[in-house]
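For reference, the chains in residue letters:
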Amino acid sequence: MIPVIVIDGPAGTGKGTIAALLAERLGWHLLDSGALYRVLGLAALQQQVSFDDAAELTKLAEALALQFDAGRIFLAGAEVTDAIRTEAVGMAASQVAAHPPVRDALLDWQRQCAQLPGLIADGRDLGTVVFPDAALKIFLDASAEVRANRRYKQLIEKGLSANLFELIADIRERDDRDRNRAVAPLCAAADAVIVDSTTLSIAAVFDRVLEEVRRVF
Ligand code: C5P
């Protein structure tokens, strides 16, 4: 069986950073499932498909011409690596992700990412739905204020504009939608190890996660 480690949690907990560090340390493949929903959100915005139109969004998901290449992301051949990181696209992603058939359409694509020597996958439902048999499940959490602050710094560092109060409100709205949707809501799997990163640095979280990796492998 191909070893899989999943890292789930709400936006801004640092799970993408931890997943990338872990993939590099172990030399395993990396799946950023949020990027998948973000690309779909961007495609819906570009093609003016309503976020309420589950049937059209599902068609869009089934035909999504997506390519991940060494950390860069392409939609229909055009690079969208930075374009999918805006708050507007994050909001779009969370709205398209609320439709069960849309999620179903993206399941196989995610599962095919499990390749030898192993996969590190991060998202919201990787441990509960996509890889329920993952060898190790981490659920990363942190307070909404701390998460919004981290996002704010990331955006400013990238030279993008940001408003902290809007970010806190956006994170709360997105959390609410992700936690309360009918299918694959954001929640820790029963067998997940919960790590609260509110007062931890990235290095401290990574050490904590490595402890769990050593325990399992
Ligand atoms: O993790 P990230 O902020 O990039 O995810 C963007 C949005 O995509 C989330 O708010 C969530 O609604 C959706 N998502 C999801 N399931 C995943 C990953 C992301 O529903 N496995």
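Basis of the calculations
- The residue numbers shown here count from 1 along each chain, following its written sequence.
- This being a predicted model, a pLDDT of at least 70 is required before a residue's local features are given, and a value of 80 or more before pairs of side-chain atoms are given or counted; all residues contribute to the totals for chains, interfaces and linings.
- Side-chain measures were taken over the full set of non-hydrogen atoms in the model, leaving aside hydrogen atoms and water.
- UniProt positions are given in the numbering used here, feature names are shortened, and annotations may be inferred rather than shown by experiment.
- Any residue with a heavy atom lying within 4 Å of a molecule or strand is counted as near it.
- Two N or O atoms form a polar contact when they lie within 3.5 Å of each other; inside protein one atom must be a possible hydrogen donor and the other a possible acceptor, and for residues adjacent in sequence the pair counts only when both atoms belong to side chains.
- Computed by Shrake-Rupley with a 1.4 Å probe, the accessible areas treat only the displayed protein chains as cover when residues are assessed.
- The distinction between a cavity and a pocket rests on a 1 Å grid over the protein atoms alone: a 1.4 Å probe fits inside a cavity but cannot get out, while a pocket stays open yet meets protein on both sides within 12 Å along at least five of seven lines, and a residue with an atom within 4 Å of a point counts as lining.
- The way we define it, a molecule is inside a pocket or cavity when more than half of its atoms are within 2 Å of that pocket's grid points.
- Segments assigned H or I by DSSP are reported as helices when at least four residues long, segments assigned E as strands when at least two residues long, and all are numbered from the N terminus.
- Only Asp, Glu, Lys and Arg are considered charged, only Ala, Val, Leu, Ile, Met, Phe, Trp, Tyr, Cys and Pro nonpolar, and every remaining residue, Gly among them, polar.
- Grid points are joined across faces, edges and corners, and a volume is the space filled by probe spheres set on the points.
- Fitting a line to C-alpha atoms yields each axis, with helices limited to the stretch in contact; the angle taken between N-to-C directions then spans 0 to 180 degrees.
- Reported orientations rely on four angle classes, namely roughly parallel under 35 degrees, roughly antiparallel over 145, roughly perpendicular from 65 to 115, and oblique for the rest.
- Here a crossing is called left-handed whenever its near helix is offset anticlockwise from the far helix by less than a right angle, and right-handed whenever the offset is clockwise.
- A contact between two residues is defined here by any heavy atoms of the two lying within 4.5 Å.
- A pair of aromatic rings is counted whenever rings of Phe, Tyr or Trp (Trp by its six-membered ring) have centres within 6.5 Å, and the orientation is called stacked for planes under 30 degrees apart, edge-to-face for over 60 and tilted otherwise.
- Here the term buried applies to any residue with accessible area under 20% of the maximum for its type, exposed to any over 50%, and partly exposed to those in between, with areas from a 1.4 Å probe on protein chains only.
- Two strands pair under a simple rule: DSSP has to find at least two bridges between them.

For the protein, the name recorded in an unreviewed UniProt entry is Cytidylate kinase, with Chromatium okenii as its organism. Recorded in UniProt under Sequence similarities (unreviewed entry), the annotation for the protein is "Belongs to the cytidylate kinase family. Type 1 subfamily."

1. Focus: the site of the ligand
Surveying the vicinity of the ligand reveals 16 residues, the closest of which are Arg38, Arg103, Arg124, Arg174 and Asp178. Between the ligand and arginine 124, the relevant distance is 2.8 Å, taken from an oxygen atom to a side-chain nitrogen or oxygen of the residue. Between the ligand and aspartate 178 there is a distance of 2.7 Å, counted from an oxygen atom to a side-chain nitrogen or oxygen. Protein coverage of the free-state accessible area of the ligand, which is 460 Å², stands at 98%. Cavity membership is defined here by more than half of the atoms lying within 2 Å of grid points; on that basis the ligand lies in the largest pocket. Every element with two or more residues in the shell around the ligand is listed here: helix H2 (33-46), helix H4 (87-96) and helix H9 (164-180). Element by element, the count of residues in the shell around the ligand is highest for H2, at four residues. For the shell around the ligand, the class distribution of residues is four nonpolar, four polar and eight charged.

2. Comments concerning the layout of surface pockets
When its volume is computed, the largest pocket comes out at roughly 1200 Å³. Surrounding the largest pocket, 45 residues form its lining, Gly16, Asp32, Arg85, Asp122 and Arg151 being those nearest its centre. Put simply, the parts of the chain that give the lining of the largest pocket at least two residues each are helix H1 (15-26), strand S2 (29-32), H2, strand S3 (66-69), H4, strand S6 (119-123), helix H8 (144-157) and H9. At six residues, the largest contribution of residues to the lining of the largest pocket is made by H8. Of the residues assigned to the lining of the largest pocket, the class counts are 13 nonpolar, 14 polar and 18 charged.

3. Here we look at the packing of H4 against H9
Working note: a packed helix pair is described by the angle between its axes plus the distance between those axes. Closest axis-to-axis distance for the H4/H9 pair is 10 Å, and the angle between their directions is 15°. It follows from the interaxial angle that H4 and H9 lie roughly parallel. Seen along the crossing, H4 lies across H9 with a hand that is left-handed. Where H4 abuts H9, its residues Glu87, Gly90, Met91, Ser94 and Gln95 lie against Leu167, Asp170, Glu173, Arg174, Arg177 and Asp178. Class assignment of the residues belonging to the contact of H4 with H9 gives a composition of two nonpolar, three polar and six charged.

4. Some details on the packing of aromatic side chains
Under the defined criterion, the tally for this structure stands at two aromatic pairs. Seen from their ring centres, tryptophan 28 and phenylalanine 217 are 5.5 Å apart, and the 90° between their planes marks the pair as edge-to-face. Of this pair, tryptophan 28 sits in the loop between H1 and S2 while phenylalanine 217 sits in the segment after helix H10 (202-216), and the two are 189 residues apart along the sequence. Look at tryptophan 28 and you get buried, because its relative accessible area is 16%. Look at phenylalanine 217 and you get partly exposed, because its relative accessible area is 46%. Ring centres of phenylalanine 68 and tryptophan 109 lie 5.5 Å apart, and the angle between their planes is 45°; on these two criteria the pair is classed as tilted. Here the residue phenylalanine 68 occupies a position in strand S3, and tryptophan 109 occupies one in helix H6 (residues 107-111), the gap between them amounting to 41 residues.

5. Brief notes about the sheet that holds S3
Spatially, the three strands line up as an open sheet ordered S3-S4-S5, and their pairing is antiparallel. Of all strands in the sheet, those bounded by a partner on one side alone are S3 and strand S5 (78-79). H2 rests against S3 and strand S4 (72-75) of the sheet, and its axis sits at about 35° to S4.

6. Concerning the pairing of S6
Remark: a regular strand shows side chains that alternate across the two faces of the sheet. Within S6, five of the five residues are buried, leaving the element largely enclosed by the surrounding structure. Side chains Leu119, Ala121 and Gly123 of S6 all project onto a buried face; the interleaved residues Ile120 and Asp122 project onto the opposite face, where all are buried too. The pairing of strand S1 (residues 4-8) with S6 spans five bridges and is parallel. By the bridge assignment for S6, valine 6 is matched with alanine 121. Relative to S6, S2 runs parallel, the two being bridged by four bridges. By the bridge assignment, leucine 31 is partnered in S6 with alanine 121.

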